[in-house]
Amino acid sequence: MTKLAIVQEREEDKYDHRTALRCWKCDPVDGRVITADDDTTKRLTDGIMQSLSSARQSEVKAWEEEIITCEHALLLEQLASGAIPAEGLAHCASCDLTSNLWLCLSCGALGCGRAQFGGTGGNGHALAHFNATQHPICVKLGTITPEGGADIYCYACNDARLDPELTTHLATFAINVMSQKKTEKSMTELQIEQNLTFDFSLTAEDGSALTPVFGPGATGLGNLGNSCYMASVLQTLFSLPAFQERYYRRPSPDLSQDYTSEEASDHWATCGQALPADCLECQLFKLADGLLSGRYSHPHTEKPPSDPLAHPAPEHTPWQTGLKPAGFKALVGKGHGEFATMRQQDSEEFFGYFLTVLRRYNHQARGGAPGEGEPTEIFSFGSEQRLECLGCHRVRYRIDNTDVLSLGVPATEIPEGEGAAGQTYVPVPLEMCLDLFLGETGQETLEYQCDAGCGKTRAVRRTQLATFPDVLVIHAKKFQLKNWVPTKLDIPIILPEGDLVLDDYLGKGLQAGEVELPDGSSSSAPSLPQFDAEAMAQLEGMGFPPVRCQKALLATGNAGAEAAMEWLFNHMEDPDIDEPIQLGGPNAAEPPADQIALLADMGFTQAQARKALLETDGNPERAVEWLFNHPDDTGEVSDTAGAAPTTTAIQRKQPTGGSATLPATYRLKAFISHKGPSVHSGHYVAHVLLPRSPNAMEVDGNEAWVLFNDEKVVQADRTSVDELKKLAYMYVFERC
C-alpha cells in the first residue's frame, strides 16, 4: 500500500536551475557563452562561492596574532612514513570523528582536537597522543592550502607555531600541498567568531537577552579589526561631561538629532586643513556628533551569510550597525609603530597615547598659549615622591604630573579544591592596592648616593598624591612574567561598597623640622639619576646588561620592571643600546636642528625645544613629555655648570593638575574589562553609568549601567556588573 505524503512546497521545486559560464568582456550585452563540462563548471563556481572575499581575508589578517616557529618544529624528527587515508575517509584513531582532525608530523597518527567554539566536536585524542608519545608538532587537516598555509600546533609549547619545512614534512605522508584545498575553518577564523560573538554577559542571569539601548549617547562603534581597545576608551571618554562640553555642546536635550554644535560649525568653516581626514579637531567633532547625537543609534537586522566558511551572525536581536571611525583611527595612529597597525593593543596604553596626541594638537593650535576648557586636564594630578636619606635623614620632594594611577595587584593563588568555582586567585580589596602604592606599606628602601656627604648609603622612598584629579583613572596591573612574556592574571578586585575616599593619601610636602637634601647640581659632572633598585635587580636577573637596564628604566620613568622589559624588547636592535648613558644638561651634545624644528612646529619656542632635547638625551618622544610637564619653562639654559635651575626645582615650581582640597571622594563612572590571556590579544568592552532610560535597571536614582561591546549597546544587569567590575582592567572614577 502506498501512502500519500503532503510535503511543503520548496523553492527549488518551483524552478529549474542551469549554470552557464559567460564572458562579459567578449559580449558586454548578453555575455558570450563559454563551453565547459558540468564538472568543470561546478568546480569553478563552488571555488568562487566558497572562497574568502577580500574583506574577509583582510578581517582574518587583522585578527591574526604573530606566530613564530619553535625548536620542536625546527628539529622535528619524522619516525614513520606512508600515505594517510584520503579526505572524507580519514577519522580519529581513537574515535569516529571525521572533522577537527590533527595529523602528528612525527608518526602520522590522526587524532581529534579539543572541543572548539561554535560546537566543533573534539575529544582531545591528539593531546592524549602527545602525552603518550611526546610527539609535539601536529597540523590540522582541512586547513592546508596551496600557498603553504595551515594550522600547526606545538603541544610542548602549548601554542600555535610555524613549520618552515611543512611541505617536506607533509610529503612524508604522501600529502601534496599544491593539491590541497581549505575545507575547515582555521583557528584564527574560529577566534574571530568567538571574539565577534562573545557576549560579555549579553544575557541576564535568568538567560533572557539583555535589552538593546538606542538614542543619544548610546551609539556603538563597529570593530575595524582589533579596534575594541580604542572603542572602549572612546565610549568612556565621551561619556564624561568635559568631552561632551568641548566637542558636542547641546543647549537643550529637546533639540533635533540633526542639531550641529556651533563650535563644530565654526571650526569646519575655518579649518586650515585641505582634508577633514587630516584634521584631528574635525575628526573629534565628527566622532562626538556620531556618538552623542543619537541619529546613528537605531536597530539594524543583519542577514545571515550564505558562505559556509564565513562566521555566522548569531544574534537575531536588532543590534546597531555601529559607527566605524576608520579616518579617526588612521589619523591618531599615524606614524606610531603599534597604533597604526591592525594588531590588538593595550587600552591603557592607547588612553595615555591619545591624551598626548590631543594635548600636542591643542598646544600647537593655540600657538603655545595656555588654553581653557582643555578636556584632558580632568585626568591630570600630581604625585608627590618623598626621598629620605637614612644616613643624614635629609629629604627631597618631587612632584610629577600624571594622568593614570597604576596599581600593582598582589597575586595569591587559591589552593586546588578551595574557593569558588573557576576562581584561581584570592580577591584583593582596592584599598590594599592603594596602600601598597601610596600608603606606609608602599615605602621602598633603595641604594642611594647621598648629595649631602653621606656617600653611598640607603634611602627610603614613598609616593603619595599631591593633588586629586577631577576624574581618576586607575589601571590595575595584573600581570605575571611567563617565559619572558607578560601574562594577564584574572585577580578579582573588591571595590568599596560606597564612595572611594582618598583623603589619607594626600602628601604634606616639606614639613617643619625637615631639612632638604642639596640638589646635587653644583658639580660640573652630573651623576646618573636614581634607578628603581628592585626593578634593576629583576632585569639584571633576566640577563640584561646593567646599561640596558638603566636606559630602559630611564626611558620609562622608573615605572617598574614590566614597562622597562617591554621597552627593552622594542629597542633590542638600537645601534646605541649598549653605549654609556649621555646625561642631559648644559654640557650635553647639541641636539640636531631638525629635531628642534619638529618640536617648534608643535607650537613650542626654539629655546623650549632645545632645552627639552638637552634634558632628555635627544629623545623626541620624551622631549614632548618633558615640555608638557614643564609648561612654564622658558627654555633658558646657562652656559656655566650649576647656574641652570635643576629639574627637581622646576618640577616643584610647575603647576599641577587637580586640586588638593578635601574631602577627596570618588564614585565609579565606568570600567573597561578585558577577556583573553594578554592585553595585546583578546577583547575589550566598556561599562558606563549613563542617565537612566525607560525600563532600565535602577542603580542610583536616574542612572543605569550600559554595556558597550563594539556596536552592541545594551542595558547591563546588576549581576554581570558586580562580577565584571571585579576583573576590570581600568576603572574611571568621578570626583563627587
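Residues numbered from 1 in each chain as written. Predicted model: local features only at pLDDT ≥ 70, side-chain atom pairs only at ≥ 80, totals over all residues. Heavy atoms only, no water.

Asker: Give me the pairing of strand β19 (residues 665-675): which residues, what numbers.
Answerer: Counting buried positions along β19 yields nine of 11 residues, so the element is predominantly enclosed. Bridge analysis of strand β18 (residues 500-501) against β19 gives two bridges, and the strand direction is antiparallel. Each residue of the ladder has a partner; that of Leu500, found in β19, is Tyr666. When β19 meets strand β23 (residues 730-735), the two strands line up antiparallel, connected through six bridges. Paired with Ala670 across the bridge in β23 is Val732. Summarising the sheet, β19 and strand β20 (residues 683-691) pair through six bridges and their orientation is antiparallel. What sits directly across from Ala670, in β20, is Val688. (Buried < 20%, exposed > 50% of the residue type's maximum accessible area, 1.4 Å probe, protein only. Helix = DSSP H or I, 4+ residues; strand = E, 2+ residues; numbered from the N terminus. Pairing = 2+ DSSP bridges.)

Asker: Could you give me a rundown of the sheet that holds strand β3 (residues 101-104), with the residues and numbers involved?
Answerer: The strand order β4-β3-β5-β6-β7 describes an open sheet built from five strands, whose pairing is antiparallel. A single partner strand is all that each edge strand has here, and the edge strands are β4 (110-112) and β7 (159-160). As paired elements, strand β6 (residues 152-154) and β7 share two bridges and run antiparallel to each other. In the strand pairing of β7, Tyr153 is matched with Ala160. The sheet contacts of helix α5 (residues 125-133) involve β3 and β4, and relative to β4 the element is tilted by about 125 degrees. (Contact = heavy atoms within 4.5 Å. Axes fitted to C-alpha atoms, helices over the stretch in contact; angles between N-to-C directions.)

Asker: An account of the packing of aromatic side chains is needed here, citing residue identities and associated values.
Answerer: Scanning all chains against the criterion turns up 19 aromatic pairs. Taking the centre distance of 5.2 Å and the plane angle of 65 degrees together, the rings of Tyr153 and Tyr155 count as edge-to-face. Residue Tyr153 shares its accessibility class with Tyr155, and that shared class is buried. (Phe/Tyr/Trp six-rings, centres within 6.5 Å; stacked < 30°, edge-to-face > 60°.)

Asker: A description of the packing of helix α10 (residues 262-270) against helix α11 (residues 280-292) should follow, citing residues and the corresponding values.
Answerer: One way to put it is that α10 packs onto α11 with a least axis distance of 10 Å and a crossing angle of 145 degrees. For α10 against α11, the interelement crossing comes out left-handed. Contact residues: α10 offers Glu263, Ala264, His267 and Trp268, while α11 offers Glu281, Cys282, Phe285 and Lys286. Residues belonging to the contact of α10 with α11 are distributed by class as follows: four nonpolar, one polar and three charged. (Left-handed = near helix turned anticlockwise from the far one by under 90°. Nonpolar A, V, L, I, M, F, W, Y, C, P; charged D, E, K, R; others polar.)

Asker: Break down the nonpolar core for me, with residues and values.
Answerer: The biggest cluster of nonpolar side chains holds 54 residues, and the ones touching the most others in it are Phe238, Phe328, Phe351 and Phe379. For Phe238, the residues in contact, after removing those within four places along its chain, are Phe243, Gln244, Tyr247, Leu284, Leu287, Ala288, Leu291 and Leu292. Core analysis: the second largest hydrophobic core is formed by 40 residues, Cys433, Leu500, Leu506 and Phe671 among them. (Core = buried A, V, L, I, M, F, W, Y, C linked by side-chain atoms within 4.5 Å.)

Asker: Just give me the short version of the pattern of salt bridges, but keep the residues and values in it.
Answerer: Considering all chains together, one arrives at 14 salt bridges under this definition. Salt-bridge contacts for Glu377 lead to Arg359; the nearest nitrogen and oxygen are separated by 3.4 Å. Here the residue Glu377 occupies a position in the loop between α13 (347-365) and β8 (381-389), and Arg359 occupies one in helix α13, the gap between them amounting to 18 residues. Looking at Arg359, the relative accessible area reads 14%, which means it is buried. One connected set of salt bridges, linked through shared partners, spans Arg359, Glu377 and Asp403. (Salt bridge = Lys/Arg side-chain N within 4 Å of Asp/Glu carboxyl O.)

Nothing here speaks to function; it is geometry throughout.
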